[in-house]
Amino acid sequence: MSKPINDTTLDIELVKKLQKGDVEAFDRLFSNYGKRLYHFAYGYLKSKEDAEGVVQEVFLRVWRNRKQLKSDLSFKAYLFKIAYHYILELFEQINRRKAYQHQIIDETVSFTDDTNERLNYQILLEKVETLIGKLPSRQREVLIKRKKEGIPVKEIAKQLRVSPKTVENHLTEALKNIKKGLGEEDISAMLFFLLFVKP
């Protein structure tokens, strides 16, 4: 009776085929590890869409780097290492985006002590992102470059071939438009009586 092939042995065979561009071997590896990677990513991100994106990105990188794969190393460990580092990249992007949104909220919303306790910040962050998307293209471009990317006004002016004063005007108007969008009626509609918000 022949000895059953274990996962490691099978991976070695499939990786060797994948190195040569074998699409069927790629599909087999995806079938074997796709769901496991998804659950791994979901455990960190708590988002179905983001977890699916991690799986797609990981296997896209595997396909692009197939010729450099080493069949003598653990393919499973290789996959999860890529996934973990990509998840860290996503966290960094999320943190940067949240910091950028919070900065804009800080500049456009007048908070009272009562509001600070009851405001649903997640809804407010989403509202800000929606309003940014509705800004005139040049205002949006300047706002993102200055607040999200942290580019100095003079450098933005140089990139856009306009004066620093023009950049400042676009930035001021963008913040005014967001503040208008976050008027008292909108803020009131987003208030929830949540004294404590647990992560």
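Structure first, text after, so check above.
Residues numbered from 1 in each chain as written. Predicted model: local features only at pLDDT ≥ 70, side-chain atom pairs only at ≥ 80, totals over all residues. Heavy atoms only, no water.

Draft legend 1. Summary view of the overall build of the protein. Assigned secondary structure in the protein consists of ten helices and zero strands. Along its sequence from the N terminus, the protein presents helices and strands in the succession α-α-α-α-α-α-α-α-α-α. Classification of the 199 residues of the protein by burial places 34% in the buried group. Contacts in the protein between residues at least 24 apart in sequence constitute 65% of all its contacts with a sequence separation of at least 6. As presented, the protein carries roughly 13,400 Å² of accessible surface, and 51% of it is formed by carbon and sulfur atoms. (Helix = DSSP H or I, 4+ residues; strand = E, 2+ residues; numbered from the N terminus. Buried < 20%, exposed > 50% of the residue type's maximum accessible area, 1.4 Å probe, protein only. Contact = heavy atoms within 4.5 Å. Areas by Shrake-Rupley, 256 points an atom, 1.4 Å probe, with all protein chains shown as cover.)

Draft legend 2. Quick look at the pattern of salt bridges. Counted under the stated rule, the structure contains four salt bridges. Taking the shortest distance from any N to any O, the salt bridge between E141 and R138 comes out at 3.3 Å. In this pair, E141 and R138 both sit in helix 7 (residues 137–148), three residues apart, roughly one turn of the helix. Exposure remark for E141: the relative accessible area of 30% places this residue in the partly exposed category. (Salt bridge = Lys/Arg side-chain N within 4 Å of Asp/Glu carboxyl O.)

Draft legend 3. Seen up close, helix 2 (residues 23–45). Helix geometry: helix 2 is bent most strongly at Y33, by close to 40 degrees. Buried within helix 2 are the following residues: A25, F26, L29, Y33, G34, L37, A41 and L45. Backbone nitrogen of E24 and a side-chain oxygen of the N-cap are separated by 2.9 Å at the start of helix 2; the cap is D22. Note on helix 2: the residue one or two positions beyond its end, K46, has a positive phi of about 55 degrees. (Bend = angle between axes of the 7 residues up to and from the residue. Polar contact = N/O pair within 3.5 Å; in protein donor to acceptor, adjacent residues only side chain to side chain.)

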